[in-house]
Amino acid sequence: MTARRPHAPVLATLALVVGLAACSSDGGNAASDSSVPVVAAATTAAATSSTAPTTTTTVVIPTSSLGTSSPGPTAPPTTAPPTTASTTPAPTGPNLAAVKLTLTPVVALNQPIYLTTKPGGDPTLYVAERNGRIVAVANGAVGAVILDMQDLTQGGGERGLLGFAFSPDGQQLYTSYTNNDGNSVIDEYALAADGTADVASRRQVLTQRQPFANHNGGEITFGPDGLLYLGLGDGGSGGDPQRNGQKTSTLLGKLLRIDPRQTDGAPYAVPADNPFVDTAGARPEIYAVGLRNPWRFSFDAANGDLWIGDVGQNAWEEVDWVRAADGAGRGADFGWSAWEGTHRFNDDQSAPDHTPPVHDYAHGPLGCSVTGGYVYRGGAIPALYGAYVFADYCANGLRAIDPATPGTAVPVLDKPGNVVSFGQGPGNELYVLSFDGNVYRLDAA
């Protein structure tokens, strides 16, 4: 793509929309969507597993060009090396019939909603509470409060502090939350020498006005390529009333990919190899379309495959999987709202080339709101190595999928309930976060 000089910056208005626990009945107060096309510098980032992208080609996507550009690039995507690898790989993949698990309580918090670690081998767990705190946890005890932003958000329903991520170089903290007006916001903080967020450094990276109260989401994570991926629901209410899932003119109902660093005065940069950068009328931040409410997505630490738990409407929940060798979701259409799982939904919507889920299940005893998880790449549970572990907020227990037979999900543990998130800790061991207030480590029984 030919580089052009960046234009003057315009603050990006952006959506991060994935609901917290959207079950079969949706609701919300209608509001107009005030998002505007983003004018931001585009960048081709050097893929790296340990540091932020450092080689960039600055390209601007001006508002006026979005309606006149030529179709998007057709060159096959490249996949960066995975960010981490297990130190104890299982030789033959998962053996779910032999899996015996237990949960080890780690710490009790107020509605723990997300957990991650800092790059560089830091053994500390960092956990977000929905009310707006991020705390450090070491040796089963809460240590420093890394950030208290309770003045910026109000937890409740599908709102609050919903996700956070450390930059690959460990120098910045990015938070994803709904503000006091109910709109989605991504902020950047510099980290001080003691590891806490410098509140005075807060910089708004992007915002999106939400048309309804639900499907506000919040998953943000840095991918194997060192870029920030954002999960966005369809805007809320029920049944995709604004038909956002299949629209490339809106960020709602999408997976996005950006470089969140301020670039030439712009609040963030758009990678030049994003699939819709040159598509007329499309938002260039879009990486994949057709998502209803992707509540937790992750990249396999061993191979870069993308897994998504996408919350269904009122009948079906789904798990999506796209191999890194096939682009890890680049340009994929996951079907909503033409499809709910593998079942037709809105007849006026068409998604002829969509990527169907690898697994879906009906509402009932198995639950009503999928919570996406991770492919297990730790060393403590060899029989689970290579399996995708997930849950459902409305049902007790954990399930696992062997990628060799992805249509089948096997129950591997009958507790806990109200699983709202998973986390990947040191050594790629898995943690389970429940709204019973506990953070658990997944261990072999």
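Residues numbered from 1 in each chain as written. Predicted model: local features only at pLDDT ≥ 70, side-chain atom pairs only at ≥ 80, totals over all residues. Heavy atoms only, no water.

Helix and strand counts for the protein come out as zero helices and 29 strands. When each of the 445 residues of the protein is scored for burial, the buried share is 60%. Looking at the protein alone, contacts between residues at least 24 apart form 63% of all its contacts between residues at least 6 apart. Roughly 15600 Å² of accessible area belongs to the protein as shown, and the carbon and sulfur atoms make up 49% of that amount. (Helix = DSSP H or I, 4+ residues; strand = E, 2+ residues; numbered from the N terminus. Buried < 20%, exposed > 50% of the residue type's maximum accessible area, 1.4 Å probe, protein only. Contact = heavy atoms within 4.5 Å. Areas by Shrake-Rupley, 256 points an atom, 1.4 Å probe, with all protein chains shown as cover.)

Right, let's get into the nonpolar core. Residues Leu173, Leu384, Leu398, Val439 and Leu442 are the most contacted members of the largest nonpolar core, which totals 69 residues. In this view, Leu173 contacts Ile134, Ile146, Leu147, Phe164, Ala165, Phe166, Asp187, Glu188, Tyr189, Leu191 and Ala197; residues no more than four positions away in its chain are not counted. Listed in part, the 20 residues of the second largest apolar core include Ile220, Phe222, Tyr268 and Ile286. (Core = buried A, V, L, I, M, F, W, Y, C linked by side-chain atoms within 4.5 Å.)

What follows deals with the pattern of salt bridges. As enumerated under the stated definition, the model contains 11 salt bridges in all. Here Arg133 makes a salt bridge to Glu129, at a shortest N to O gap of 2.8 Å. With a relative accessible area of 22%, Arg133 lands in the partly exposed category. We note a salt bridge from Glu219 to Arg296, for which the minimum N-O separation is 3.2 Å. Placement of Glu219 in the loop between strand 11 (203–208) and strand 12 (220–222) and of Arg296 in strand 17 (residues 294–299) is noted, with a sequence separation of 77 residues between them. On the basis of relative accessibility, which here comes to 1%, the residue Glu219 falls in the buried class. (Salt bridge = Lys/Arg side-chain N within 4 Å of Asp/Glu carboxyl O.)

It is worth spelling out the sheet that holds strand 24 (residues 388–392) at this point. One open sheet accounts for four strands, arranged 23-24-25-26; its pairing is antiparallel. Unpaired on one side and paired on the other, strand 23 (370–375) and strand 26 (409–413) mark the two borders of the sheet. Recorded for the sheet is a direction-independent mean angle of 30° between the axes of neighbouring strands. Pairing of strand 24 with strand 25 (residues 398–401) involves four bridges; the strand directions are antiparallel. Counted as the bridge partner of Tyr388 is Ile401 from strand 25. (Pairing = 2+ DSSP bridges. Axes fitted to C-alpha atoms, helices over the stretch in contact; angles between N-to-C directions.)

Attention now moves to the packing of aromatic side chains. All chains considered together, the criterion is met by 12 aromatic pairs. Considering the side-chain rings of Tyr126 and Phe166, the 5.0 Å spacing of their centres and the 70° angle between planes classify their relative orientation as edge-to-face. Here the residue Tyr126 occupies a position in strand 5 (residues 125–129), and Phe166 occupies one in strand 8 (residues 161–166), the gap between them amounting to 40 residues. Across this residue pair, the class does not change: Tyr126 and Phe166 are buried. Joined through ring pairs, the aromatic side chains of Trp307, Trp321, Tyr361, Tyr388 and Phe390 make up one cluster. Taking NZ or CZ as reference, Arg296 lies 3.9 Å from the ring centre of Trp295, over its face. Over the aromatic face of Trp339 sits the side chain of Arg344, whose NZ or CZ is 5.5 Å from the ring centroid. (Phe/Tyr/Trp six-rings, centres within 6.5 Å; stacked < 30°, edge-to-face > 60°. Lys NZ or Arg CZ within 6 Å of the ring centre and 35° of its normal.)

Our next topic: the sheet that holds strand 19 (residues 316–322). The strands making up a sheet are joined through hydrogen bonds of the backbone, oriented either antiparallel or parallel. Spatial strand order, 17-18-19-22: four strands in an open sheet with antiparallel pairing. Both outer strands of the open sheet, strand 17 and strand 22 (359–362), are each paired with one neighbouring strand and no more. On average, adjacent strands in this sheet sit at an angle of 10° to one another, irrespective of strand direction. Relative to strand 19, strand 18 (residues 306–310) runs antiparallel, the two sharing five bridges. The partner of Gly309 across the bridge, within strand 19, is Val319.

Let us look at the side chain of Asn214. Positionally, Asn214 belongs in the loop between strand 11 and strand 12. For Asn214, a relative accessible area of 5% corresponds to the buried category. A polar side-chain atom of Asn214 sits 2.7 Å from the main-chain amide nitrogen of Ser237. (Polar contact = N/O pair within 3.5 Å; in protein donor to acceptor, adjacent residues only side chain to side chain.)

What follows covers the pairing of strand 9 (residues 172–178). Each regular strand displays side chains that alternate between the two surfaces of the sheet. Within strand 9, six of the seven residues are buried, which leaves it mostly tucked inside the rest of the structure. Where strand 8 and strand 9 come together, five bridges link them in antiparallel fashion. From the neighbouring strand, Leu161 faces strand 9, where its bridge partner is Tyr177. The turn linking strand 8 back onto strand 9 is made up of five residues, and Gly170 within it adopts a positive phi angle of 70°. Counting the residues in the hairpin turn of strand 9 and strand 10 (residues 184–190) gives five residues, including Gly182, whose phi is positive at 85°.

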